Every structure is written in structure tokens, then in C-alpha cells.
Amino acid sequence: MIMMTEDMMTETSGMIQTPEPRSGPAPLDPKSRTIEEHDEQAPGTLWLIAVPIGNLEDITLRALRLLRSVSLIACEDTRTTRQLLKLLDVSPPKLISCHEHNEMARSREIIDLLESGKDVALVSDAGTPSVSDPGYRVVSQVIEANFAVSPIPGPCAAISALCASGLPTNRFRFVGFLSSKGSARRQQLADLSSAQETLVFYESPYRLEKFLSDAAELLGPNRLAVVARELTKRYEEFRRGTLAQLVTYPGVNRGEVVILVSGQSEAERIASTDIESLIAEIKQMNVSPSVAAKTLSKRSHLSRKEAYDLLRLHSDSNSD
Ligand code: SAM
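Residues numbered from 1 in each chain as written. Predicted model: local features only at pLDDT ≥ 70, side-chain atom pairs only at ≥ 80, totals over all residues.

Q: Before we move on, can you summarise the site of the ligand with the specific residues and values?
A: The immediate surroundings of the ligand are formed by 22 residues, with Gly127, Ala157, Tyr202, Leu231 and Glu256 found nearest. Counting only elements with at least two residues in the shell around the ligand, the list comes to helix H7 (157-165), strand E7 (198-203) and strand E10 (257-261). Taken together, the residues of the shell around the ligand break down into 11 nonpolar, 6 polar and 5 charged. Composition of the shell around the ligand by domain shows at least three residues from each of domain 1 (41-154) and domain 2 (158-264). (Near = placed C-beta within 6 Å. Helix = DSSP H or I, 4+ residues; strand = E, 2+ residues; numbered from the N terminus. Nonpolar A, V, L, I, M, F, W, Y, C, P; charged D, E, K, R; others polar. Domains from an automatic or database assignment.)

Encoded structure:
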């Protein structure tokens, strides 16, 4: 059950009542707006409502109130959302499905409703809409049509995983899903190898092992990484270690996962700069791929196979 203390409520309404930074508790001004009044300011608003990623109690009070009051909920899969609303004890208004293939057509329907002064909610099957989920096109069309779009913050797998990962959070890059095709995914990882911020990936549990071994090879086996599995659910688990350690972890590879990998360290950056110049030098030699790999392997810490793959990636990216 979600509890809210009197202090929290004052603090929450204070954030809306007093936009100025303040140090003490918010003054209780009877004339100031409540959260409910704030939410009723602009009839014809598109609310982007975050919903739980596994634990029903993570729905917010504001999300519940708005889900109960809007005229239409646009969702990915109407059966999933209907089930969620039932569990949350929300009698469903009209639901329409909104996914990758019909987002533009749905935008028109949503804008028609907003024009008649009605409010609409957009939700995903789980988490924050429009984060690796449908929503972006609807949002941009609604903004273009001059209607208010307002977020109702809540669960997001990427942020939940990041904040508990133990990896630096001051700078991070949300990558989301990489390509499902092996060669494209490897190229995307190679392109990320010099990023210095924490990298946050979504991945299917079926590809987790392959992802970790590709990441160990292309980002470096010593990078610290975290596999955050089944967040907010009964079997929530955080596996922490280097990529090399995680590849061999005999853990369960079922359930949903977020993978986080630390950014390139200063030492790696210096080492990779040296490798870059070594590769440039070897390319000048105009030798066969196997001789080039042998030379690179001898003059670096890379195995023959790693050297071969790295040279191949380099020639692939140069020929793009
Ligand atoms: N919009 C969602 C959000 O805000 O997080 C993400 C939707 S995306 C289609 C689904 C991916 O999010 C999953 O493949 C997984 O990588 C991640 N994910 C969602 N729920 C999760 C959970 N409970 N634990 C770990 N990862 C989760």
C-alpha cells in the first residue's frame, strides 16, 4: 500500500505553489492551486502516464487519478492495459491501441478529441511511454497541433537500473535496444567503445549471453558492468562484475534485463589511442588480413582473433 505523510503532501503541493527556490517548508496559502486544480488548467491535454514495470504498488496517486478521469487511453496492447486497469481498480474509459504501425493515424484521432476539450492518456504496456516504446510520433503531432503534453513521471527500467547499479550516474547514455542482427549490433558496440559515460542498454533475455560476450570483446573485458534483472519483481537481481566475469556467470537468464556498462576509462582511452595509431600504421603496410592481424596481435595486448576482428571492423567502417 502506498502511504503519504502530511509532510510529503505539503512538500508536493509546495512544489507547485511556489516555483521560487525556498529553504523552509512551503507556506500554506489557501488561495494557491492544489495539484488537482493544476491538472485541470488546460482541458485538452495529452498526459504521458508511466505505469509499473512489475510491481503494481509503483503506480503513482496522480497517475491513478488521471487514468480515472481521462476520456480515452491510448495504449500499446488494449488487453494488457485493460488487465492492468482492472488490477488497479480503474474502470476503463475508451481504450485504443497505438503502436509503431498506426501512430500517425492515431495521432489524428487523439487530436480530434483534444480539440473537443477532452483529456487523453498515453500509456505503454510497462514503464514510461515513448522510452523504447511507442509515443514519440503522437507527442510530436500533438505538440505541433498546439495542445499541452504533460508527463506523469513514474517507473522506467533504465533509470531504476541505473540508480541502483553502483556505476557512475553523473553522465550516462541511454542506448536502449541495439540491432537484433549480429553484425549490426557488433558495429554499434564498436562505435560506443570510446564513450566515457555509463551505457544503458535494453536487451532481450534470449540475447543476453551473446550481448555480454560481444560487449566483452568490443568494449573490453575489464569494463565494470551490471545486469539488472526482473526489477521491482519478486526475483529482482543485480549481477555486478567485469564483462569477462559476467560472461561466465552461471546465473538465470530469464526475465527482463537492463544491462549497464561503465564508460571508457582514461587508461583505456590512452591504450586505444595507441591501438588506433598501430592500426593506421599496419594498414599502410598493405599486407594480407592474416599478416595484419598477426602483427597487431604481436604489438598489442590483443589475441590474434581480437586483432583480426578489430581490423575487419575498421575496414568495414571505413568502407561505409
Ligand atoms: N518503456 C519502458 C521503460 O520505461 O522502461 C521500456 C519498454 S522496452 C519495450 C522493454 C525493455 O525494458 C525490456 O526488454 C527490458 O530491457 C526493460 N525492462 C522493462 N521492465 C523491466 C524490468 N522489470 N526489469 C528489467 N528490465 C526491464
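Anyway, onward from the coordinates.
Q: Residues and numbers for the sheet that holds strand E5 (residues 148-152), please.
A: Pairing within the open sheet is parallel, and its 5 strands lie in the order E3-E2-E4-E1-E5. The strands lining the two open edges of the sheet, one partner per strand, are strand E3 (94-97) and E5. Each adjacent strand pair in this sheet contributes to an overall mean axis angle of 25°, direction not counted. With 4 bridges connecting them, strand E2 (residues 72-75) and E3 associate as parallel partners. Bridge assignment links Ile73 to a residue of E3, and that residue is Leu95. Those strands touched by helix H6 (residues 136-144) are strand E1 (45-49), E2, strand E4 (120-122) and E5, and its axis lies near 140° from that of E5. (Pairing = 2+ DSSP bridges. Axes fitted to C-alpha atoms, helices over the stretch in contact; angles between N-to-C directions. Contact = placed C-beta atoms within 7 Å.)

Q: For the nonpolar core, give the residues involved together with the corresponding values.
A: One finds Ile49, Ala121, Val258 and Leu260 to be the most contacted residues of the largest nonpolar core, which totals 62 residues. Top contributing element to this core by residue count: helix H9 (residues 208-219), with 6 residues. When residues of this core are assigned to domains, at least three map to each of domain 1 (41-154) and domain 2 (158-264). Setting aside residues no more than four positions away along its own chain, Val258 makes contact with Ala157, Ala158, Ala161, Val200, Phe201, Tyr202 and Ala228. With 7 residues, the next largest nonpolar core counts Ile282, Ala292, Ala293 and Leu310 among its residues. (Core = buried A, V, L, I, M, F, W, Y, C linked by C-beta atoms within 7 Å. Buried ≥ 20, exposed ≤ 12 C-beta atoms within 10 Å, placed from the backbone.)

Q: So what's going on with the confidence of the model for the protein? Residues and values would help.
A: A residue-level look at the protein finds 86% of positions with pLDDT of 70 or above and a mean pLDDT of 87. Confidence over residues 1-25 falls short of pLDDT 50; this stretch has 19 contacts with residues more than four positions distant or in other chains. (pLDDT = per-residue confidence, 0-100.)

Q: Which residues make up the pairing of E10, and what values do they have?
A: The side chains of a regular strand alternate between the sheet's two faces. Judged by how many residues are buried, E10 sits mostly within the fold: 5 of 5 residues are covered. Taken together, the 5 bridges between E7 and E10 define a ladder with antiparallel strand orientation. Bridge pairing in E10 links Leu199 to Val261. Bridge analysis of strand E8 (residues 224-229) against E10 gives 5 bridges, and the strand direction is antiparallel. By the bridge assignment, Ala225 is partnered in E10 with Val261.

Q: Describe helix H5 (residues 103-115), and please don't skip the residues or the numbers.
A: Compared with the 18 Å implied by 1.5 Å per residue over 13 residues, the 18 Å span of H5 between its first and last C-alpha is a close match. Among the residues of H5, Arg106, Ser107, Ile110, Leu113 and Leu114 are the ones counted as buried. For H5, the angular spread of the buried residues around the axis is 125°, confining them to a single face. Seen from the buried face of H5, the exposed residues on the opposite side, beyond 90 degrees, are Met104, Ala105, Arg108, Asp112 and Glu115. Of the residues trailing H5, Gly117 is marked for its positive phi of about 85°. (Expected span 1.5 Å × (residues − 1). Arc of directions from axis to C-beta.)

Q: Give a detailed account of the sheet that holds E8, specifying residues and quantitative values.
A: Read across the open sheet, the 5 strands follow the order E6-E7-E10-E8-E9; overall the sheet is mixed. Here the strands that pair on one side only, and so sit at the sheet edges, are strand E6 (172-177) and strand E9 (237-242). Across the sheet, the axes of successive neighbouring strands diverge by a mean angle of 15°, strand direction being ignored. Judged from the 5 bridges that link them, E6 and E7 form a sheet pairing that is parallel. Paired with Phe174 across the strands is Val200, a residue of E7. The strands that H7 touches are E6, E7, E8, E9 and E10; relative to E10, the one it contacts most, it runs at about 50°.

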